Amino acid sequence: MKPTFIERFVAGCEARPEKDAMRIVGDESAAVTFGEYLKQVRAIGYFLAGKGVQKGDRVAVIGENHPCWASAYLGALYSGAIAVPLDPHGETQTLTNFLLDSEAKAAFVSSEFVERLPEILEKLSDPPVIVIWGALKESETGFLSFETVVSETPSTEFIEAGPRADAKDDAILIYTSGTTGKPKGVLLSHGNINAELDAIDGLIEVTEKETLLSLLPLFHVYLQIINLWISSTKGATVYYLSELTPEELSRGMLESRMTILTSVPRLWYLFHKKIFDAVAEKPKPVRALFGVLLKLNGALRDSLGVNLGHKLFGKVHDSFGGRLELAVTAGSRFDEEVAKDFHRLGFTIVQGYGLSETSGAATGTPIDDNRVGSVGKPIGDAEVKIDSPDEKGEGEVLIRGSMVFKGYFKNPDATKEAFTEDGWFRSGDLGKFSSDGHLYITGRAKDVIVLPSGKNVHPEDLEVHYQSSPLVGEICVIGVADASSEHAGAEKLLAVVVPDFEYLKGHKTANTAEAIRFELDNLGRTLPEYQRVRDYVVSSEPLPRTATRKIKRFEVKKNFESGAIAEGISAPKRAWEIGENDRDLLESASGRLLSSLIASQKGAVSELHPDMNLEIDLRLDSLSRAEIVAGLEQNLGTELPEDEIAVAFTFRDVVSLIDKHRNGSAEGASIESRLDWTSILSKESEVSPEIARIIKPRPLFELFAFSVLKIANLLFRIVFRLDVRGKEILEEIEGPFLICPNHQSYIDPFVVCSAYPYGVLKRTFHVGASEYFQGFLMRFLANMLKIVPIDPDLQLLKAMKAGAYGLKAGNVLNIYPEGERAFDGKLHKFKNGAAILATELGLPIVPVAIDGLHKVWGRGSLKIRAAKVRITFLPPLDGSKYSPEDHAGLTEDLRLAIERDLVEPWSGDSNESV
């Protein structure tokens, strides 16, 4: 008879008693040999038997990955009991439900979890025997310690009897749900584990020479396969992290010098992002060489089977410990492009597919046929087929074989639903087979979003696509009700985005939400129209995830539907815990100053916490942030460095900045919360000589620019059938004024300025984003159009001062209130900058409606096309008739004037009211 899993474990330990079985990264004294491992497992089995735990009883294991976790789990199996691994970070009520449902007779718990035990135990009528591992002593907890349990020597009879379980006996109870309703527990037998071990043996070779780094939680069955089942039977050494942080992860990879890594796709996405972000920071020649070497190694691997990755990309491989020969990933779909990049870098990553119900992997990609994008072929005695395939061959994946479980624990209804009448397990996943038998997973059946057009969208595909932006830390795409649709129950695509704050800080990007929306809109242009995400939620809270790092999509959608998060800049509504130090910071002089300035922008804020993100949690836009900075400088009597302002994302960050630059004499000064724009815009001395030079009249150059633009105007009229209306309005205005067009294309300034009369053009200047005016040609064009290059993230106040300086000198300011180009011609949100200048200086604004240029050269496109273009100069809005407190009112009137013209074009009669 074939040995059971536990019998394999015993044989493996007895074959190499002196070899290290488990280690803790950074703790040399924590090594456990295979001999000690077996001794601990037997002692735990003996202890459980002595406490009356019978064959088939349940024993819970609750804690982070640790050698004690593994020994407790295997000790339960040795005794014939059923191990119940639970998530130590699960909700207290959920864990209580699991313990009640499983009727656990004993529980092995880590020290970190002890403080949660009383609340759980008081709800259990028959509490389990508790054993604690970790730093706490028995005298501190009142519970038995792990050391006490494993120090007892089992009787000779117990050892000679061997493990109590047979192949048919149940071994593990894995709970997959249970927050509400009846818990759903997957019951796996010793025979299921054996079948999985045999299947993995046929897929990859693992020997006692291997070292593994255990990263992700062992309470999920997929992570147990190699990091526990395989390692303990084959004699491989497993390293455990004391905590899962980036620093500890790097240390663990270097110290363990791992040869095999088991993880999930999301972890590889993070590795990929780190590697390629670092490459993107290198000089252009280095980036080009990297790309060439990447393609070269990919070609060598694909055509000749030669892998030079370790030599060509040595630093990358060294960061993984230098010995990583094989990586295994499963748990969710793996993006093809990311997989190709790691293949070209020289890494071998095989993919598996399965569920808890299939004891982990049911399919896998063979090393010698590692098809990128697929999850391989059935392994062991597993059979896989597609149920009711559509015209593309896609349908639900059905599985059967020795590794498939018998049913859910005490839940016959759920078991019946999980199987077809002829015994195939319903995975709930959608997939299809290639012509040569490789399985491709296309999504979860319940996650597919059906649009009003009837098109099906798989959100995971979109998430991988949008995740390619370095600004994005996490993203979840969901389908939400589309109120604008005529179809009942229609859905639209919405993305919940968590920014990569470290990247944003490193690149001094302060306007997080605007930057993310702009970049994701650009990425969307490369997708079919129906797959483009149009609406976003930018949140500071990490997305809820499962143990294998899958997004809890249903929970994200529930948060949106309940109003906990909303479109735009949004943070989940949660209770902020205020500690004593937090309260001291809020009540400090710097904290009170900042609180007052925030209140001047938003009104009274009911709740403030030092860790609130100014933009996301407090919903302050770029101009509001700039006004707060100006208010700080006004109160402190000093100018704050722009690069430090840019990376001050939270309330705490800004308070630290204030404390750093606070003038001691200002400590007791009264707080001026209302921002004095008149005073700010009057500081002409703060305008740099470079800006003054750009705005200064240059008759010869202005005449040259006018001639070039008039030639361009003729071409625009021929190629774009340019129709200009109302330009006589410009000549009727005396003195300085503002021209405010909507923004559709890079060439907006050239087309609009080509229509100006000479008297207007020679006085016109622009304020533009400096990132677009790099290089000789762009600097020349900026010079020709008198564009003042400003970094909008760091220098918004500087832009406002430059605008005021030029206007006071009698010039005309051309400014785009949207601040970004629109894809489809529809207006984006207008900002208040132009309205502030107009009201504070009492000047008119000429609205300009541009229509059609988005079709000529759209955002995100490299193609220029011929299309009809119309530009309409509309009757001016008099800024002097608006109060300084009504910036928003003028901004809205400006937007409405342009919007009306785009819907119903104005005739050009200057007496007609807009």
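Note that this is a predicted model, so its numbers are computed, not measured.

### Topic: the overall build of the chain
Here's step 1: For the chain, the count of helices and strands is 37 helices and 35 strands.
Here's step 2: Counting over 914 residues, the chain shows a buried share of 55%.
Here's step 3: Surface summary for the chain: the accessible area is close to 39500 Å², and the carbon and sulfur share equals 52%.

### Brief notes about the environment of I120
Here's step 1: Along the chain, I120 falls in helix α5 (residues 117–121).
Here's step 2: With relative accessibility at 1%, the residue I120 sits in the buried group.
Here's step 3: For the pair I120 and T92, spaced 28 residues apart in the sequence, the C-alpha separation amounts to 6.8 Å.
Here's step 4: The residues contacting I120, other than those within four sequence positions of it, are T92, L95, T96, L99 and F113.

### A short note on the confidence of the model for the chain
Here's step 1: When pLDDT is averaged across the chain, the result is 85; 90% of the residues are at 70 or more.
Here's step 2: Residue range residues 910–914 is modelled with pLDDT below 50. Its contacts to residues more than four positions away, or to other chains, number nine contacts.

### Thoughts on the side chain of D429
Here's step 1: Along the chain, the position of D429 falls in strand β20 (residues 425–433).
Here's step 2: Not counting residues up to four positions away in its chain, the partners in contact with D429 are Y353, L355, G395, E396, V397, I441, G443 and R444.

### Describing the packing of helix α12 (residues 265–280) against helix α16 (residues 336–345)
Here's step 1: The N-to-C vectors of α12 and α16 enclose an angle of 65°; their axes lie 11 Å apart at closest approach. Relative to α16, the crossing made by α12 is left-handed. Packed against α12, whose contacting residues are W268, Y269, F271, H272, I275 and F276, the element α16 presents V338, D341, F342 and L345 at the interface.
Here's step 2: Looking at the contact of α12 with α16 residue by residue, the class counts come to eight nonpolar, one polar and one charged.

### Remarks on a nonpolar patch on the surface
Here's step 1: Among the surface-exposed residues, L714, I718 and V719 lie close enough to one another that they form a single nonpolar patch of about 300 Å² accessible area.
Here's step 2: Mapped onto the elements, V719 comes out in helix α29 (residues 699–719).
Here's step 3: Residue class for V719 comes out partly exposed when judged on its relative accessible area of 42%.

### Focus on the sheet that holds strand β17 (residues 383–387)
Sheets are built from strands that pair by backbone hydrogen bonding, the pairs being arranged parallel or antiparallel.
Here's step 1: One open sheet accounts for four strands, arranged β17-β18-β20-β21; its pairing is antiparallel. Where the open sheet ends on each side, the last strands, each with one partner, are β17 and β21 (439–444). On average, adjacent strands in this sheet sit at an angle of 50° to one another, irrespective of strand direction.
Here's step 2: When β17 meets strand β18 (residues 395–400), the two strands line up antiparallel, connected through five bridges. Of the residues in β18, the one forming a bridge with V384 is I399.

### As for the pattern of salt bridges
Here's step 1: Inspection of every chain in the model, using the stated rule, returns 33 salt bridges.
Here's step 2: R23 is the salt-bridge partner of D20, the closest N and O atoms lying 2.5 Å from each other.
Here's step 3: You can call R23 buried: its relative accessible area is 13%.
Here's step 4: Of the charged contacts in the structure, one is a salt bridge between E899 and R895, with a shortest N-O distance of 3.1 Å. With E899 and R895 both in helix α37 (residues 887–903), this residue pair falls four residues apart, about one helical turn.

### Description of the nonpolar core
Here's step 1: Y37, Y73, F108, W229, W268 and F320 are the most contacted members of the largest nonpolar core, which totals 123 residues.
Here's step 2: In terms of residue count, the dominant contributor to this core is helix α3 (residues 67–78) (nine residues).
Here's step 3: Dropping the residues within four chain positions of it, Y73 is found in contact with V61, A83, I172, Q224, L228 and W229.
Here's step 4: Formed by 59 residues, the second largest nonpolar core is a distinct cluster that contains L594, A626, L657 and L813.

Analysis parameters
- Sequence order sets the numbering: in each chain, residues are counted from 1 along the sequence as written.
- Note on the predicted model: pLDDT of at least 70 is required for a residue's local features to be given, and 80 or more for side-chain atom pairs to be given and counted; whole-chain, interface and lining totals, by contrast, use all residues.
- The basis for every side-chain value is the complete set of non-hydrogen atoms in the structure, without hydrogens or water.
- A run of H or I in DSSP counts as a helix once it spans at least four residues, and a run of E counts as a strand once it spans at least two, with each numbered from the N terminus.
- Burial classification: accessible surface area is computed with a 1.4 Å probe over protein chains only, and a residue below 20% of its type maximum counts as buried, one above 50% as exposed, and the rest as partly exposed.
- Throughout, the Shrake-Rupley method with a 1.4 Å probe supplies accessible areas, and for residues the shown protein chains are the sole cover considered.
- Any two residues whose heavy atoms approach within 4.5 Å are treated as being in contact.
- Residue-level confidence of the predictor is what pLDDT reports, using numbers from 0 through 100.
- An axis is simply a line fitted to the C-alpha atoms; with a helix, the fit covers only the stretch in contact. Between two such axes, the angle follows the N-to-C directions and lies from 0 to 180 degrees.
- With the far helix as reference, a near helix turned anticlockwise by less than a right angle produces a left-handed crossing, and one turned clockwise produces a right-handed crossing.
- Amino acids outside the nonpolar list (Ala, Val, Leu, Ile, Met, Phe, Trp, Tyr, Cys, Pro) and the charged list (Asp, Glu, Lys, Arg) are all regarded as polar, and Gly is one of them.
- Patch membership is restricted to residues that have no salt bridge and whose relative accessible area is over 30%. Joining uses 9 Å for like charges and 5 Å for the nonpolar side chains Val, Leu, Ile, Met, Phe, Trp and Tyr.
- Any carboxyl oxygen of Asp or Glu that lies within 4 Å of a side-chain nitrogen of Lys or Arg is treated as forming a salt bridge with it.
- When DSSP finds two or more bridges between two strands, those strands count as paired.
- Residues enter a nonpolar core if they are buried and are Ala, Val, Leu, Ile, Met, Phe, Trp, Tyr or Cys, with the set joined through side-chain atoms within 4.5 Å.

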